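Letter by letter, the chains look like this.
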Amino acid sequence: MKTVKEPAREIPVRSEVDVLVVGGGPAGIMAAQAAAAEGLKVMIVESRGYLGGNLTIGLPILSYLGRKGNQIIKGLPQKFIDRLQARGAASDHRPCQLHVSLTIINPDEAKRVAFEIMEECGVEVLLYAFTVDAIREGNEVKGVIIESKAGREAILAKCVIDCTGDGDVACRAGVECHKGDAEGGMQPPTLMFQMRGVDVQRLRDAITGDPDEYDMDIMPHEHFREGKFITVGLRNRIRKAQEKGIEIPVARTILITGMMDDEIWVNMSRVNGVDSTKPESYTYGEMTARKQIYEIQRYLKEFVPGFEEAYMAQVADFMGIRESRVIVGKYVLTDDDIVACRRFDDTIAVASYPVDIHHAKGGDCTLYYCDDCYDIPYRCLLPEKVEGLLVAGRCSSMSHEAMASTRVMSTCMALGEAAGRAARHAVKAGVLPSQIDVEALRAELRDAGAYLG
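Trainee: Please set out the overall build of the protein chain residue by residue, giving values where relevant.
Mentor: Check the secondary structure of the protein chain and you find 11 helices and 21 strands. Along the first, second and third principal axes, the C-alpha set of the protein chain runs to 65 × 55 × 40 Å. Burial analysis of the protein chain (453 residues in total) assigns 62% to the buried set. Pairs at least 24 residues apart make up 72% of the contacts formed inside the protein chain by residues separated by at least 6 positions. Of the charged side chains in the protein chain, 54 are positive and 66 negative, and the gap between their average positions amounts to 2 Å.

Trainee: Account for the environment of M43, with residues named and values stated.
Mentor: Inspection of the secondary structure puts M43 in strand β2 (residues 42-45). Through-space distance from the C-alpha of M43 to that of V17 is 6.9 Å; in sequence the pair is 26 residues apart. When neighbours within four sequence positions are excluded, M43 is seen to be in contact with R14, S15, V17, V19, L20, V21, V123, E124, L126 and I155.

Trainee: Which residues make up unusual backbone geometry, and what are the values?
Mentor: The backbone of V100 sits at a positive phi, close to 75°, despite the residue not being glycine. If you trace the backbone, V100 turns up in strand β5 (residues 100-103). Even without being glycine, I218 reaches a positive phi, approximately 70°. Relative to the helices and strands, I218 resides in the loop between α5 (200-209) and β12 (230-233).

Trainee: Tell me about the pattern of salt bridges, and name the residues and values.
Mentor: Once their charged atoms are close, side chains differing in charge can pair, the charge on each being opposite to the other. By the definition in use, this model includes 36 salt bridges. Ionic pairing is found between R83 and E116, a salt bridge with its closest N-O pair at 3.3 Å. Of the two residues, R83 sits in helix α2 (residues 75-86) while E116 sits in helix α3 (residues 107-121), which places them 33 residues apart along the sequence. Residue classification places R83 among the partly exposed positions, given a relative accessible area of 24%. The salt bridge involving R172 is made with D168; its shortest N-O contact spans 4.0 Å. Here the residue R172 and the residue D168 both occupy positions in helix α4 (residues 168-172), the gap between them amounting to 4 residues, near one helical turn. Among the residues examined, D168 registers a relative accessible area of 21% and is labelled partly exposed. Salt bridges linked by common partners bring R83, R87, E109, R112, E116 and E120 together as one network.

Trainee: Just give me the short version of the sheet that holds strand β13 (residues 253-257), but keep the residues and values in it.
Mentor: If you trace the 5 strands from one edge of the open sheet to the other, you get β12-β13-β14-β11-β15, paired in antiparallel fashion. The outermost strands of the open sheet, each flanked by one partner alone, are β12 and β15 (311-315). Adjacent strand axes in the sheet meet at a mean angle of 25° when their direction is disregarded.

Reading the values: rules and limits
- Sequence order sets the numbering: in each chain, residues are counted from 1 along the sequence as written.
- A pLDDT threshold of at least 70 governs which residues receive local features in this predicted model, and a stricter bar of 80 or more applies before side-chain atom pairs are shown or counted, although totals over entire chains, interfaces and linings include all residues.
- As a convention, hydrogens and water are excluded, and side-chain values are obtained from all of the structure's heavy atoms.
- Strands are runs of DSSP state E lasting at least two residues, helices are runs of H or I lasting at least four, and both sets are numbered from the N terminus onward.
- Note on exposure labels: buried denotes an accessible area under 20% of the residue type's maximum, exposed denotes more than 50%, and partly exposed covers the range between, all computed with a 1.4 Å probe on protein chains only.
- We call two residues in contact whenever any of their non-hydrogen atoms come within 4.5 Å of each other.
- Only four residue types enter the charge count, namely Lys and Arg as positive and Asp and Glu as negative; His and the chain termini do not.
- Taken as the charge centre is NZ of Lys, CZ of Arg, CG of Asp or CD of Glu, depending on the residue.
- Note on definitions: salt bridges are taken to be side-chain nitrogens of Lys or Arg within 4 Å of carboxyl oxygens of Asp or Glu.
- In this analysis, strands are considered paired if DSSP registers two or more bridges between them.
- Here the axes come from fitting lines to C-alpha atoms, over the contacting stretch only for helices, and the angles between their N-to-C directions go from 0 to 180 degrees.

Listed below in structure tokens is the structure:
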């Protein structure tokens, strides 16, 4: 590859903080909120013009509940839902045989609540800034380099939390990272879109009245008689549409009720082979998915009851990325840990979502479950060899299969809260995150309402 030489230069220091959170998605919001106490100076940096990440693209939040119906995601993630519910912008946590549970939210209100929380906690928010490098002294991260329209700047921090989803800070700090399965195949992303004018009752009646024609995967048809729901199925309808020449990239129809009575969010685009850490690949994914959604809209209007008069009202701002980099941490969670419902002495979060692998090739999916719930140890947030850095969210230390479970937003939010509290403990004690009193962290999590089993 041809190269050019960039001259050395002095980089101005924009800010010096106690805790720096990079990435303002579900994990990052929780991390910043949890860190911002006891007088600490906390900053969150986000490349987009708002906070919320995948909370803002029309997805439901899955698996606040465990397989036995008990709530396993509590603490700050639940307080976030409480605030949305207070303004009619979130549903209850509804048990779901396929997804364990689902919680419907209003995406725009999620952005609003995220900003409100940062203001109330005194967190400095910096938007429209890309983190392009890590500042390292020896094996310890001391801050990051950002790029924005203001140019290249440094932010120094006593502790950095990588909540980018793609492990951007960890990668640039030299942390060992992996992507995908044994062949490098990653779960494909989806561009969500919203349909309005849907006759949801007609859709309900079709599913419950003719289960052979309007088939569902796993979920009993009675589930759709009332309440919020996700359809995963209608394989018969997709086959009939494909026979008529409509191109659909998935094998199943995934429809999610919204907060409004005529609102459905559609999770059916799929672009195989996309790598969100490579801009040319991500660009191809966005452009291809944008083409796909219009064919999917045609399918819905012609083949799915209730969509005859529906129209596309909104397209998500960006593709939902299921998988990219994960770090190698002091412990790598595996699907064996999940299926065995494994317990750990340093547990900082509990999860119950199935191992849900959207195939890197083709249009289908594989799911398998644990019988109850499983623990996630603190060590999954700690890079194996690099200090001064915590990594929370779907880029934490998981195998390809385990990340297919931990990637959902409820779990990422719980990991973010744990990381934020851990960073504060480290700064207050003047130690590295790997040296904190984990039992004290666990006690604080419990006192704050988190569920640790």
